[in-house]
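# Structural features, examined
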Amino acid sequence: MISTASALPLETHPARLAAANWVRTAICILLLAAVVACLTLAFGRTGERIAVQLCVNVTAVVALGLFCGNTGIVSFGHGAFMALGAYLSGILTMPAGLQRTALPNLPDFLAAHELSVWLALPIVAIAGLCFAAVTGSAIARLAGASATIATLGLLIITHGIAVGAREITRGSQTFFGVPRVTDLTIALGAALVFIVIARLYRESRHGLFARAARDDPDAASALGISPRRTRFVSWCLSGALATVAGALYGHMLGAFSPASFYLSLVFAHVAMMIVGGMASVGGAVAGVMVVTLLQDTVRQFEGGAELLGFVFPEFFGLTTIALGLAILLVIWLRPQGLVGSFELGPGADAPFLRRIGRGTKPANDPEKVAETMLQARSLSKSFAGVRAVDDVSFDVPTGRITGLIGPNGAGKSTLVNLLTHQYDADAGKALINGTELTKVRREAVAGKGVSRSFQNLRLFRGLTGYENVLVGSLAAGRSRQLAAPVAIRELGDLDLGEVAGKTADALPYGARKRLEIARSLSQDPSILLLDEPAAGMNPAETDDLADRLVRTSEARGLGILLIDHDLKFVNRLSNWIVVMNRGEVIAQGLPEDIRTNPSVIEAYIGRGRTAAEAQFVPNKTTRVLTVGVDQ
Ligand code: ADP
Ligand code: MG
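None of these values were measured; they are calculated from a predicted model. (Residues numbered from 1 in each chain as written. Chains lettered and ligands numbered in written order. Predicted model: local features only at pLDDT ≥ 70, side-chain atom pairs only at ≥ 80, totals over all residues. Heavy atoms only, no water.)

A word on the side chain of Glu490. When you line up the elements, Glu490 lands in helix 16 (residues 480-493). Excluding residues within four positions of it along the chain, Glu490 makes contact with Val469, Ala518, Leu521, Ser522, Asp524 and Arg556. (Helix = DSSP H or I, 4+ residues; strand = E, 2+ residues; numbered from the N terminus. Contact = heavy atoms within 4.5 Å.)

Here the focus is the site of ligand 1. In the region of ligand 1, 13 residues are neighbours, and Gly409, Gly411, Lys412, Ser413 and Thr414 sit closest. Within the side chain of Thr414, an N or O atom sits 2.5 Å from an oxygen atom of ligand 1. In this structure, a nitrogen atom belonging to ligand 1 sits 3.5 Å away from a side-chain N or O atom of Tyr423. Put simply, the parts of the chain that give the shell around ligand 1 at least two residues each are strand 4 (386-397) and helix 14 (412-419). Looking at the shell around ligand 1 element by element, the count peaks at three residues for helix 14. (Near = heavy atom within 4 Å. Polar contact = N/O pair within 3.5 Å; in protein donor to acceptor, adjacent residues only side chain to side chain.)

As a further point, take the pattern of salt bridges. Counting across every chain of the model gives 25 salt bridges. Residue Asp216 pairs with Arg458 through a salt bridge whose shortest N-O separation is 2.6 Å. With a gap of 242 residues between them, Asp216 in the loop between helix 8 (205-215) and helix 9 (217-222) and Arg458 in the loop between strand 8 (450-452) and helix 15 (465-475) connect regions that are remote in the sequence. Given the relative accessible area of 7%, Asp216 is considered buried. What you see here is one network of salt bridges that share partners, running through Arg478, Arg489, Glu490, Asp493, Asp524 and Arg556. (Salt bridge = Lys/Arg side-chain N within 4 Å of Asp/Glu carboxyl O. Buried < 20%, exposed > 50% of the residue type's maximum accessible area, 1.4 Å probe, protein only.)

On the protein side, the magnesium ion (ligand 2) has Ser413 (OG) and Gln455 (OE1) as donor atoms, found 2.0 Å from it. Placement of the pair is Ser413 in helix 14 and Gln455 in the loop between strand 8 and helix 15, with a sequence separation of 42 residues. (Donors = N, O, S within 2.8 Å, 3.2 Å for Na, K, Ca; no water.)

A few words now on the nonpolar core. In summary, soluble globular proteins display a tendency toward joint burial of nonpolar side chains. The biggest cluster of nonpolar side chains holds 85 residues, and the ones touching the most others in it are Leu32, Val58, Val62, Phe175, Ile195 and Phe261. Of all the elements, helix 1 (residues 15-71) adds the most residues to this core, at 18 residues. When neighbours within four sequence positions are excluded, Phe175 is seen to be in contact with Tyr87, Gly90, Ile91, Met94, Leu103, Ile168, Thr169, Arg170, Gly254, Ala255 and Phe256. Counting residues in each nonpolar core, the second largest holds 56 residues, with Ala222, Ile488, Ile577 and Val579 among its members. (Core = buried A, V, L, I, M, F, W, Y, C linked by side-chain atoms within 4.5 Å.)

Turning to the sheet that holds strand 7 (residues 435-436), a few remarks are in order. Pairing is antiparallel in the open sheet, where four strands are placed in the order 4-3-6-7. If you trace the sheet from one side to the other, it starts and ends with strand 4 and strand 7, each paired once. As judged from the eight bridges shared by strand 3 (residues 373-383) and strand 4, these two strands associate in the antiparallel manner. For Ser382, the partnering residue across the bridge sits in strand 4 and is Arg387. (Pairing = 2+ DSSP bridges.)

What follows covers the confidence of the model for the chain. Overall, the predicted model of the chain reaches an average pLDDT of 86, with 88% of residues at or above 70. The weakest mean pLDDT in the chain belongs to strand 1 (residues 305-307) at 76; the strongest belongs to helix 10 (residues 227-253) at 98. Long-range and interchain partners of residues 1-13, a stretch whose pLDDT sits below 50, account for 23 contacts in this model, where long-range means more than four residues apart. (pLDDT = per-residue confidence, 0-100.)

Look at helix 12 (residues 281-302) against helix 13 (residues 318-333): their axes get within 8 Å of each other, and the N-to-C directions meet at 145°. As helix 12 runs across helix 13, the sense of the crossing is right-handed. On the side of helix 12, the interface is formed by Val291, Leu294, Gln295, Val298, Arg299, Phe301 and Glu302, while helix 13 contributes Leu318, Thr319, Ala322, Leu323 and Ala326. Its residues assigned to classes, the contact of helix 12 with helix 13 comprises eight nonpolar, two polar and two charged. (Axes fitted to C-alpha atoms, helices over the stretch in contact; angles between N-to-C directions. Left-handed = near helix turned anticlockwise from the far one by under 90°. Nonpolar A, V, L, I, M, F, W, Y, C, P; charged D, E, K, R; others polar.)

Further remarks concern helix 10. Between its first and last C-alpha atoms helix 10 spans 38 Å; for 27 residues at 1.5 Å apiece the expected length is 39 Å, and the two agree. A large share of helix 10 lies buried, amounting to 21 of its 27 residues. A positive backbone phi angle near 85° is found at Gly254, which sits one or two residues after helix 10. (Expected span 1.5 Å × (residues − 1).)

Put into structure tokens, the structure is as follows:
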């Protein structure tokens, strides 16, 4: 059913896409290595100390960005993970003698382990993962600003616990005796490993799903992706990494207190992430360097200074103010951060994608597709007293195009939302092969063979055209190896090869409309629901789309429910037409019967008019498909 990777010419293989991205990440890594080398060579011990701090900050900010960048939720809670890492690793590695003095009341299971840092770090990572899983099960339920506030709550609660648990943390007093083992080699090595993990995650199935759900949770769930699950997975991995970053930070400081992981640290890390740009891993690296430089420069003025004859008074808190201003400036002037989308996507025109062939093998073999029927049965939905859909029943079979027409506000889009369980029906049900779609989870509808497009474009804006379709293909449950060629085939079929390397946002309108259809088709659905696919297209684009839809339906045995205002367009393509008005089905039948149906004409242009006035007569010969129309 699915063509395999070997069927594709080598130059169209998406490995090249990833390779182009990695070159940009390598540039960021080299930049970090160069800065570290310069600092160490130019400033000796002081330079080395700053370089270690820089690298540890990179680990912390990359860990933070792994969650925030992929889910779009800013977290203030990562200080909690860092505190856990620092205290736990400190306790596990502390010399036993020192521990007896510093922490005389430490519970037995924590006491006198005296592990090497290499043994302690995996334990710390597992503890971080467990902590993340517990907190994530609550936080992942939220999105946007409420999720951010929940992370702030986590930070405050953890800080309170750290201050209160005196036997373990020495309360608000300094926790000392932690071996200072984070040297330049360890810090730089950890930064590089973190960068690679974050990059791999971002391109992975889970990373792509998380970014898709970040850009449009409804469109993602219509493809079968659970936005909550993507947030949970990102939170867990990010939390585990932040815990390790915290341990490295603790082993760099040697002595710390709960305040070391509280608001000022978290604020600095968030500033670094936002200034650099949270969508890319390179952004974390750039942000850390710029903000560290800013902090170190401004800090010199906090205690008062003289510059070019001006005497600056003492001004504590100046560094925090500078950080705040930096965030504001970046959000104002460059919302994507300094690095922006430099590292994302393969750049303007990925030449190899142009070679994508057209007319590749269809996904479904029409001979083999069993007759499937999507059925609406007495579906009803009201909004604040308005009956948007009122007792609607009709069928959408495979292998044919069923048109759904009706004036604005007739309830067509609401009906699609009911069929795909985007809305809960007040009454009635939607069925496919006996399964009640109105009862399964929203994310499970795609798995039942029903895919959809949206009336207003719902693409994953920050992803490339190729990635948009790949997400659909992966969400259909394919392995990466099988998903990529399917995505490439769909892009080719809808003539999107040349623009597949650009972000969805940057595409012309017609291409975006086609991209949404390619994304749906990549799931090999039995039934495709298209909500005004030709809206906003010019006549040439509309004709082209019409041809493609007919070809696809015939070649794959696909059933299409085609919704549009353009009556000629629907008339030309459909084997069967359902007409809605004010939430009700007012007529259904063959196109030629619908054209002359008085109640349909009345619904469109009023009483006493003719079919020609209603513009029902198509400008091209009505297409007659090979399948029968015996509904
Ligand atoms: P169509 O797609 O045929 O233009 P819709 O399904 O979008 O019609 O809308 C049908 C009716 O339901 C309209 O009166 C519209 O205002 C109302 N409606 C649709 N969605 C909502 C919503 N989310 N909240 C409130 N009213 C809605
Ligand atoms: Mg609509």
